[in-house]
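# What the coordinates show
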Amino acid sequence: MSTENEEMVVTPWEVSGKIDYEKLVREFGTQPITPDLLDSIRRNAGDLHPQLERQVFFSHRDLDWLLQKYESGEKFVLYTGRGPSGPVHIGHLAPWIFTKYLQDKFDAKLYFQITDDERYLYHDNFSMDEPKKWAYENALDLIALGFDSKKTRIVLDTKSIGTLYSLALTIAKHITFSTAKGVFGFQESTNIGLIFYPAIQAAPAFLESALVGHNVPCLIPAAIDQDPYWRVARDVAPKLGYYKPAQIHCRFVPGLGRGGKMSASLPETAIFTVDEPEVARKKITNAFTGGRATIEEQKQLGANPDVCSVFAYDYFLFMNSKEVEELRYNCRSGNIMCGECKQVLAERVMRFLSEHQEQREKAKDRFEEYMFDPKDA
Ligand code: TYM
């Protein structure tokens with residue numbers, strides 16, 4: 001588990017240490033989301049998603065440009081994805097829930113890439129079947145969130161490679177090994193599949209433009225760990241005559257332990273969408289909070305919501321903005337104890353899981369409706 005003192009690492013394969021988001025904006029060369037940009041989103045979308053109000057989505061590239069294009073009549077496509085190496089946890093859902101808001105508000109088509117190739121190449125102990133199995137399971141979670149089947153296309157890499165490959169080749173031709181090493185930290189010992197892979201993840205950013213034969217703006221909502229791919233994609237875009245893809249980046253939903261993002265490799269501190277609701281309750285009961293050693297002390301001095309994983313869940317996903325501010329106040333002023341807070345969150349998470357799991361079952365009959373079909377191309 002990462003600690004506050006560890007050096008920050010944010011790559012597509014590892015996130016650890018205390019995350020300094022302002023530093024990431026500087027180092028990655030992205031832009032913070034300003035009040036003006038929020039106004040522009042509100043104007044076009046009709047309202048602001050809570051994840052925008054609370055700066056869960058905090059950084060972007062070219063979102064202002066994309067909205068100007070939209071205002072002048074050019075619709076955009078959305079692109080996001082999943083590396084299928086295990087069950088989906090509710091941290092993964094944060095960018096997907098936001099993507100659904102964008103799809104609804106902007107009537108946007110979504111390409112959702114499932115990178116079974118990436119996960120096969122990355123995990124030493126994976127057979128080809130392992131990520132394929134998870135691809136199906138993870139797609140059910142996406143469908144369960146209610147994406148519009150007419151406007152959503154799941155691009156499963158090994159299945160859709162016939163369409164992706166020519167695009168990936170044109171991209172790969174413009175990325176030198178030296179750039180790939182610099183951006184992704186590849187070593188002499190990295191397998192060459194992984195070295196080519198960034199071209200595959202960049203490809204869907206240009207897929208709509210390639211399919212319709214003219215430039216279509218593309219917006220990628222994801223946590224900021226995926227940013228290296230977009231840096232490369234943006235470099236290559238003008239060389240291929242495409243628009244640079246725009247991004248909007250979110251923070252990491254933390255795990256239920258002390259510090260660190262929610263991660264499938266720490267199952268006790270992650271809530272999976274397939275967890276029995278009672279299992280989720282137990283995990284929340286054991287969660288790290290910002291509470292004091294004794295109830296008396298907490299009543300007198302208050303607790304610290306800024307380090308509390310329970311508060312973080314309410315903040316990221318489970319409370320509206322008014323509730324969050326009330327809770328923050330009550331926590332700081334010692335009006336509420338951690339046990340009570342955990343109970344409120346547990347009830348909400350359990351309700352969410354029951355409903356999500358019901359939708360997930362129904363998604364099993366609808367899987368094919370969402371799959372990208374090269375015949376659409
Ligand atoms: P993967 O499977 O690691 O993550 C899927 C999505 O979840 C985001 N994410 C999180 N968001 C908030 N809190 C967390 N704790 C958290 N952990 C992960 C990731 O940023 C991602 O958006 N290579 C990709 C798959 C991919 C992709 C894409 C992702 C292919 N094309 C386009 C985003 C956009 C991967 O392995 O994601």
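Our subject in this report is the structure included herewith. (Residues numbered from 1 in each chain as written. Predicted model: local features only at pLDDT ≥ 70, side-chain atom pairs only at ≥ 80, totals over all residues. Heavy atoms only, no water.)

## Quick word on the nonpolar core
Going by this rule: The term nonpolar core refers to a set of buried residues drawn from Ala, Val, Leu, Ile, Met, Phe, Trp, Tyr and Cys, joined through side-chain atoms within 4.5 Å. Three labels apply to residues, based on accessible area from a 1.4 Å probe with only protein chains included: buried if under 20% of the type maximum, exposed if over 50%, partly exposed otherwise in between. Secondary structure is summarised from DSSP: a helix means a run of H or I of at least four residues, a strand means a run of E of at least two, and numbering begins at the N terminus for each. Whether two residues are in contact is decided by their heavy atoms: any pair within 4.5 Å suffices.
Counting residues in hydrophobic clusters, the biggest one holds 84 residues, and the most contacted among them are Val 10, Ile 41, Leu 52, Ile 154, Leu 219, Ile 271 and Tyr 313. The element that contributes the greatest number of residues to this core is helix α5 (residues 90-106), accounting for 8 residues. If near-sequence neighbours (up to four positions away) are discounted, Leu 52 is found in contact with Ile 33, Leu 38, Ile 41, Phe 57, Phe 98, Tyr 101 and Ile 248.

## So, the pattern of salt bridges
Our working definition: Each reported salt bridge corresponds to a side-chain nitrogen of Lys or Arg within 4 Å of a carboxyl oxygen of Asp or Glu.
Enumeration over the complete set of coordinates arrives at 25 salt bridges. As a salt-bridge pair, Lys 23 and Glu 27 come within 3.9 Å of each other at their nearest N and O atoms. With a gap of 4 residues between them, Lys 23 and Glu 27 both fall in helix α1 (residues 21-28), about one helical turn apart. Judged by relative accessible area, which is 33%, Lys 23 ranks as partly exposed. Close ionic contact of Arg 234 with Asp 62 constitutes a salt bridge, the shortest N to O distance being 3.1 Å. Here the residue Arg 234 occupies a position in helix α12 (residues 227-240), and Asp 62 occupies one in the loop between β4 (57-61) and α4 (63-71), the gap between them amounting to 172 residues. Residue Arg 234 is classed as buried on the basis of its relative accessible area, which comes to 13%. For Asp 62, a relative accessible area of 24% corresponds to the partly exposed category. One connected set of salt bridges, linked through shared partners, spans Lys 75, Asp 107, Asp 148 and Lys 151.

## A few points about the environment of Pro 131
By the element assignment, Pro 131 lies in helix α7 (residues 129-144). Overall, the relative accessible area of 1% leaves Pro 131 in the buried class. In this structure the C-alpha to C-alpha distance between Pro 131 and Ile 114, which are 17 residues apart in sequence, comes to 9.4 Å. Residue contacts for Pro 131: discarding those within four places in its chain leaves Pro 84, Asp 116, Arg 119, Tyr 120 and Phe 126.

## Overview of the state of the cysteines
Quick reminder of the rule: Defined by distance alone, a disulfide is two cysteine sulfur atoms within 2.5 Å.
Scanning the model with the defined rule gives 0 disulfides in all. As a non-bridged cysteine, Cys 338 has Cys 308 as the owner of its nearest cysteine sulfur, 6.0 Å distant. The thiol of Cys 341 is not disulfide-bonded; the next cysteine sulfur, from Cys 308, is found 6.3 Å away. Among the residues examined, Cys 341 registers a relative accessible area of 13% and is labelled buried.

## Re the packing of aromatic side chains
Applicable threshold: Here a pair means two rings of Phe, Tyr or Trp (six-membered ring of Trp) with centres within 6.5 Å. Their orientation is stacked below 30 degrees between planes, edge-to-face above 60, and tilted elsewhere. Cation placement over rings: the criterion is NZ of Lys or CZ of Arg within 6 Å of the ring centroid and within 35° of the ring normal.
Tallying each qualifying case throughout the model produces 25 aromatic pairs. Centroid distance Trp 13 to Tyr 229: 6.4 Å. Interplanar angle 80°. Geometry classified as edge-to-face. Here Trp 13, found in the loop between β1 (9-10) and β2 (15-16), pairs with Tyr 229, found in helix α12; they are 216 residues apart in sequence, far enough to count as distant. Ring pairing ties together the aromatic residues Trp 13, Tyr 79, Tyr 122, Phe 184, Phe 186, Tyr 197, Tyr 229 and Trp 230, which thus form one cluster. Seen from the ring of Phe 28, Arg 231 lies directly overhead, with NZ or CZ sitting 4.3 Å from the centre. Above the face of the Tyr 21 ring, Arg 251 is positioned so that its terminal group lies 4.8 Å from the ring centre.

## Describing the site of the ligand
The cut-off we apply is this: Residues are counted as near a molecule or strand when any one of their heavy atoms sits within 4 Å of it. Polar contact is defined as a pair of N or O atoms within 3.5 Å, subject to the rule that within protein one atom must be able to donate a hydrogen and the other to accept it, and that residues adjacent in sequence are counted only when both atoms are side-chain atoms. Shrake-Rupley sampling with a 1.4 Å probe provides the accessible areas, and residues are treated as covered by the protein chains on show and by no other component. Residues are grouped as follows: Ala, Val, Leu, Ile, Met, Phe, Trp, Tyr, Cys and Pro are nonpolar; Asp, Glu, Lys and Arg are charged; every other residue, Gly included, is polar.
Near the ligand lie 24 residues; those nearest to it are Arg 82, Gly 83, Arg 119, Asp 225 and Val 253. A distance of 2.9 Å separates a nitrogen atom of the ligand from a polar atom in the side chain of Gln 113. Gln 226 places a side-chain nitrogen or oxygen 3.1 Å from a nitrogen atom of the ligand. A total of 680 Å² of accessible area belongs to the ligand in isolation, and the protein chains cover 98% of it. At 4 residues, strand β5 (residues 77-82) tops the list of elements feeding residues into the shell around the ligand. Of the residues contributing to the shell around the ligand, the split by class is 9 nonpolar, 9 polar and 6 charged.

## A word on empty space enclosed by the protein
Our working rule: Cavities and pockets were defined on a 1 Å grid built from protein atoms only: a cavity is a group of points that admits a 1.4 Å probe but offers it no way out, a pocket is an open group of points flanked by protein on both sides within 12 Å along at least five of seven lines, and a lining residue is one with an atom within 4 Å of any such point. Grid points are joined across faces, edges and corners, and a volume is the space filled by probe spheres set on the points.
By the definition in use, this model includes 4 cavities of 30 Å³ or more. The calculated volume of the largest cavity comes to roughly 100 Å³. Elements that contribute at least two residues to the lining of the largest cavity include exactly α15 (309-318), α16 (321-332) and α17 (338-363). In the lining of the largest cavity, the residues fall into 11 nonpolar, 5 polar and no charged. The computed volume of the second largest cavity comes to approximately 50 Å³. Taken together, Ile 41, Leu 52, Leu 63, Leu 67, Phe 76, Phe 98, Tyr 101, Leu 102, Phe 106, Leu 219 and Ile 248 form the lining of the second largest cavity. Classifying every residue of the lining of the second largest cavity by side-chain character gives 11 nonpolar, no polar and no charged.

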